[in-house]
Amino acid sequence: MATMAVKTGAAVSTTNACKLCAPLGAALAFRGIEATVPFLHGSQGCATYMRRYIISHFNEPIDIASSALGEKQAVFGGGPNLMQGLANVIRKYRPRLIGVATTCLTETIGDDVPRLLKDFAREQGDDSELPLLVPVSTPSYVGTHMEGFHAATRAVVAALAEPGPRHGGVNLLPGLVSPADLRHLTEIFREMETKVTILPDFAATLDGPALAHYPLIPAGGTPLAAIRRSGSAAASLELGRTLAGKDTAGGLLQQACGIPCLRLGLPIGIHETDRFLAELTRISGRPVPARIKEERGRLVDAYVDGHKYVFGKRAVVYGEEDLVVGLAAFLAEIGVQPVLCASGGTSGQLAQAVAAATADLTREAPVVREGVDFFEIEELAAALEPDLLVGHSKGYSLARRRRIPLIRVGFPIHDRLGGQRILHLGYRGAQALFDTVANALIAAKQDGSPVGYSYM
Ligand code: SF4
């Protein structure tokens, strides 16, 4: 792994990017839709890279089809390969939807994928047997995996949602959270007796039980019928403080179907979860159940018990922007100063979002950097002297060099088991994160002491 960044005039090399590629995010979103196959219009190498990252995090098989372009198609266009690939996928998988994401190559050569899909459907003649073909433009050189994720979610909504008489349910657009988070969100809505369509929902498709026979398409995902009904919901809740001004699924539902869209931060920690539940109560008219209130009470008790281990510590937080904002809010409320909030994303909203989420909770404003790689994060970290890192596995070498703990959160976690089972959201997620942070700091103190502590 290279360890230097070279800056010469306007050209800047990237060293260990703090982001993943846009069609990878689209593939994850498509995986959360019922009976769907993600399809990359590009080279085999892109699809292989994405499968590798996804499998190493989720420990589940994932089929990502590809049009497998080579040099010849790069010159003459990838249309014939795309059509052949689609025909193969339809014959083998019998999907109900194929999500077709472009790659850097096909965006650069200028393949018109929506037109190619129309040509394909026309050539098939009777389209009654055809799956829905949903294209999404995901050039990775202008976006991160989160741009790809949101673009694919929006594309599915654009293809399926239908306006109609309001049914009183809520659309929840949670962004890229873990399967454990998705299950917890489902549970919260069930306990609040509120109908919800979570979109996308890969809780089962990317974290399912072991089966005797491998299904080509795993069960689960947001039902297509529910996505059609998303156009007649009472409201949409879209999670992410950096989504302001972005062309998202929630925005589209508001524009096309008149569904009010409320944007909130990811509910990580007490403050952000309180806001989430207050809005849910307002929309549904249902009170927060006693069991959830008890969870909050136990969390407050844990904060009181453990504050002496965490208070005043300094953290570097990195990763996808909305997760960074949520984690910064959580760390600030437990007394850990987020000294640097960094992301490879470039929404233009990160500084404002961090400031809003941590207002009144921190003694000094965190340094916030968008569009950075791990070379720059390490340069900044050297001056800020953090006690811990909070982010995904790509920060491991930095944590090792600085000899500080790394709290693994988000995606990708490829050097530990259970990335898909990390719970970040709600009071229960905050409880798990708090214990992990406090115990990591206690362990660091024991390990760094010449005598060690058997009793703290
Ligand atoms: S960044 Fe571009 S070239 Fe690389 S894997 Fe992603 S789509 Fe393919």
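So, how was this worked out
- Residues numbered from 1 in each chain as written.
- Predicted model: local features only at pLDDT ≥ 70, side-chain atom pairs only at ≥ 80, totals over all residues.
- Heavy atoms only, no water.
- Helix = DSSP H or I, 4+ residues; strand = E, 2+ residues; numbered from the N terminus.
- Pairing = 2+ DSSP bridges.
- Axes fitted to C-alpha atoms, helices over the stretch in contact; angles between N-to-C directions.
- Contact = heavy atoms within 4.5 Å.
- Polar contact = N/O pair within 3.5 Å; in protein donor to acceptor, adjacent residues only side chain to side chain.

Trainee: How should I be thinking about unusual backbone geometry in this particular structure?
Mentor: Note: most residues except glycine have negative phi, and most peptide bonds are trans. Omega for the bond connecting L199 with P200 falls within 30 degrees of zero, at -5 degrees, which places this linkage in the cis form. Residue P412 is bonded to the preceding F411 through a cis peptide linkage, with omega at 5 degrees. Of note, P412 is situated in the loop between strand 15 (406-408) and helix 17 (426-448). The phi torsion at N59 lies on the positive side, around 55 degrees, for a residue other than glycine.

Trainee: Quick question: what am I supposed to make of the environment of G245 here?
Mentor: Among the structural elements, G245 can be located in the loop between strand 9 (235-239) and helix 10 (249-257). Once the C-alpha coordinates of G245 and G348 are considered, the two residues, 103 residues apart in sequence, prove to be 10.0 Å apart.

Trainee: Help me out: how do you make sense of the sheet that holds strand 10 (residues 261-264) in this one?
Mentor: Through backbone hydrogen bonds, the strands of a sheet pair up, either in parallel or in antiparallel fashion. Strand order in the open sheet formed by 4 strands is 8-7-9-10, with parallel pairing between adjacent strands. Looking at which strands have only one partner, the edges of the open sheet turn out to be strand 8 (196-198) and strand 10. Averaged over all neighbouring strand pairs, the angle between strand axes comes to 20 degrees, with direction disregarded. With 3 bridges joining them, strand 7 (residues 170-173) and strand 8 adopt parallel strand pairing.

Trainee: Help me out: how do you make sense of the sheet that holds strand 13 (residues 367-369) in this one?
Mentor: Reading across the sheet, the 5 strands line up as 13-12-11-14-15 and stay open at both edges, with parallel pairing between neighbours. Across the chains shown, the open sheet's two edge strands, defined by having one partner strand only, are strand 13 and strand 15. In this sheet, neighbouring strand axes are inclined to one another by 20 degrees on average, regardless of whether the strands run parallel or antiparallel. Looking at chain direction, strand 14 (residues 388-391) and strand 15 are connected through 3 bridges and run parallel. Following the sheet pairing, G391 is matched in strand 15 by R408. Helix 14 (residues 350-358) rests against strand 12 (337-342) and strand 13 of the sheet, and its axis sits at about 145 degrees to strand 13.

Trainee: Help me understand the environment of D322, please; the structure alone is not making it clear to me.
Mentor: Inspection of the secondary structure assignment puts D322 in helix 13 (residues 321-333). As a C-alpha pair, D322 and R241 span 81 residues in sequence and 6.0 Å in three-dimensional space. Excluding anything up to four places from it in sequence, D322 contacts G240, R241, T242, L243 and L266. Only 2.8 Å separates the side chain of D322 from the backbone nitrogen of T242, close enough to count as a polar contact.

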